[in-house]
Structure formats: structure tokens, C-alpha cells
Amino acid sequence: MAAASAARAVGRRSRHLFDFFVAEIPWTVSSKELKEYFSQFGAVQRCQLPFDRDTGFHRRYCWIKFSTPQDVQNVLQKDSHILEGSKLALKQQTRRRRSQRRNPRE
């Protein structure tokens, strides 16, 4: 039980390593289609699309990781991203350097 909760905590922390959080993904879109769509902006290193174990459907959100910062800028230059008639909601993940992180002892 403790190992499972530790694995979930590592998974949550690793999501901060992604460049974008994407929400409002249509049910009919797969991770392969998401990679193909975002590949027009640059090299997609990883696409993490979580699934619900009970329903078998994805949860309508994902995380995208690009190879270079220029690829991220290419995504930001486009006003809206529409996939299968639905507008995707993108949120850029913020990364802090270690020196910018809060000291938990403060």
C-alpha cells in the first residue's frame, strides 16, 4: 500500500516536467492523434494521456513534452488549438529553478 502511494507521488511530481497541460480533449481523440497534431509545432518527446480504470475511457486531459523550448514557443504562437471540432485548453507548465523554489523551512 505504501509503495502504491509513493508511486502516485512520483507520478505527480514528474508531471511538472511537461511543457503543457491540455484539457477539453474530445473522447474520440487518442494519444497518437494528439502526438500527430502537436508534431506540427515541433518534436513531441512525450504525450501522457491518463485513462480511467473503471470506464476504460481517457480522462479528457493530457500532458505534452516537447524536445526544445522553440517547439513550445511555436505552440504558443497559435491562438487556438482545435481538434475534431473542440477547442483544446492549454496551460503552460511553469518550471522553477531550485534557487527560485521556496524554502520549506521559511
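For clarity, every value in this text was computed on a predicted model and none was experimentally measured.

## Examining the confidence of the model for the protein chain
Then comes step 1: Per-residue confidence for the protein chain gives a mean pLDDT of 83, with 74% of residues at or over 70.
Then comes step 2: For the protein chain, per-element mean pLDDT is lowest for helix H1 (residues 2–14), which scores 48, and highest for helix H2 (residues 31–38), which scores 97.
Then comes step 3: In this model residues 6–15 is a low-confidence stretch, pLDDT under 50, and it forms three contacts with partners more than four residues away in sequence or in other chains.

## What to know about the nonpolar core
Then comes step 1: Within the largest apolar cluster, 18 residues are counted, with the highest numbers of intra-cluster contacts made by Val22, Ile25, Leu34, Phe38, Cys62, Ile64 and Phe66.
Then comes step 2: Counting residues per element, the ones that place at least two in this core are strand E1 (20–23), H2, strand E2 (44–48), strand E3 (61–66) and helix H3 (69–77).
Then comes step 3: Ignoring anything within four residues of it in the chain, the contact list for Cys62 reads Phe20, Phe21, Val22, Ile25, Leu34, Cys47, Gln48, Leu49 and Pro50.

## Section: unusual backbone geometry
Then comes step 1: Backbone geometry at Glu24 places phi at a positive 65°, although glycine is not the residue there.
Then comes step 2: Looking at the secondary structure, you find Glu24 in the loop between E1 and H2.
Then comes step 3: Note on Glu24: relative accessible area 43%, which makes it partly exposed.
Then comes step 4: With a phi angle near 70°, Arg60 is a residue other than glycine that sits in the positive phi range.
Then comes step 5: One can find Arg60 in the loop between E2 and E3.

## Quick look at the pairing of E3
Then comes step 1: Across four bridges, the pairing between E1 and E3 is antiparallel. When the sheet's bridge partners are listed, Phe20 is paired in E3 with Ile64.
Then comes step 2: Taken together, the four bridges between E2 and E3 define a ladder with antiparallel strand orientation. Note on E3: the bridge partner recorded for Arg46 is Lys65.

## Details of the packing of aromatic side chains
Then comes step 1: Using the criterion set out here, one finds nine aromatic pairs in the structure.
Then comes step 2: Measuring from ring centre to ring centre gives 5.8 Å for Trp27 and Phe57, while their planes differ by 70°; the resulting arrangement is edge-to-face. Here the residue Trp27 occupies a position in the loop between E1 and H2, and Phe57 occupies one in the loop between E2 and E3, the gap between them amounting to 30 residues.
Then comes step 3: Residue Trp27 is classed as partly exposed on the basis of its relative accessible area of 49%.
Then comes step 4: Each member of the aromatic cluster is reached from another via a ring pair, and the members are Phe20, Tyr37, Phe38, Phe41 and Phe66.

## Focus on the environment of Phe21
Then comes step 1: Within the fold, Phe21 resides in strand E1.
Then comes step 2: Among the residues examined, Phe21 registers a relative accessible area of 24% and is labelled partly exposed.
Then comes step 3: Counting along the chain gives 70 residues from Phe21 to Lys91, while the straight-line C-alpha distance between them is 5.1 Å.
Then comes step 4: Other than its neighbours up to four places away in sequence, Phe21 contacts Tyr61, Cys62, Trp63, Ala89, Leu90, Lys91 and Gln93.

Conventions adopted
Residues numbered from 1 in each chain as written. Predicted model: local features only at pLDDT ≥ 70, side-chain atom pairs only at ≥ 80, totals over all residues. Heavy atoms only, no water. pLDDT = per-residue confidence, 0-100. Helix = DSSP H or I, 4+ residues; strand = E, 2+ residues; numbered from the N terminus. Contact = heavy atoms within 4.5 Å. Core = buried A, V, L, I, M, F, W, Y, C linked by side-chain atoms within 4.5 Å. Buried < 20%, exposed > 50% of the residue type's maximum accessible area, 1.4 Å probe, protein only. Pairing = 2+ DSSP bridges. Phe/Tyr/Trp six-rings, centres within 6.5 Å; stacked < 30°, edge-to-face > 60°.

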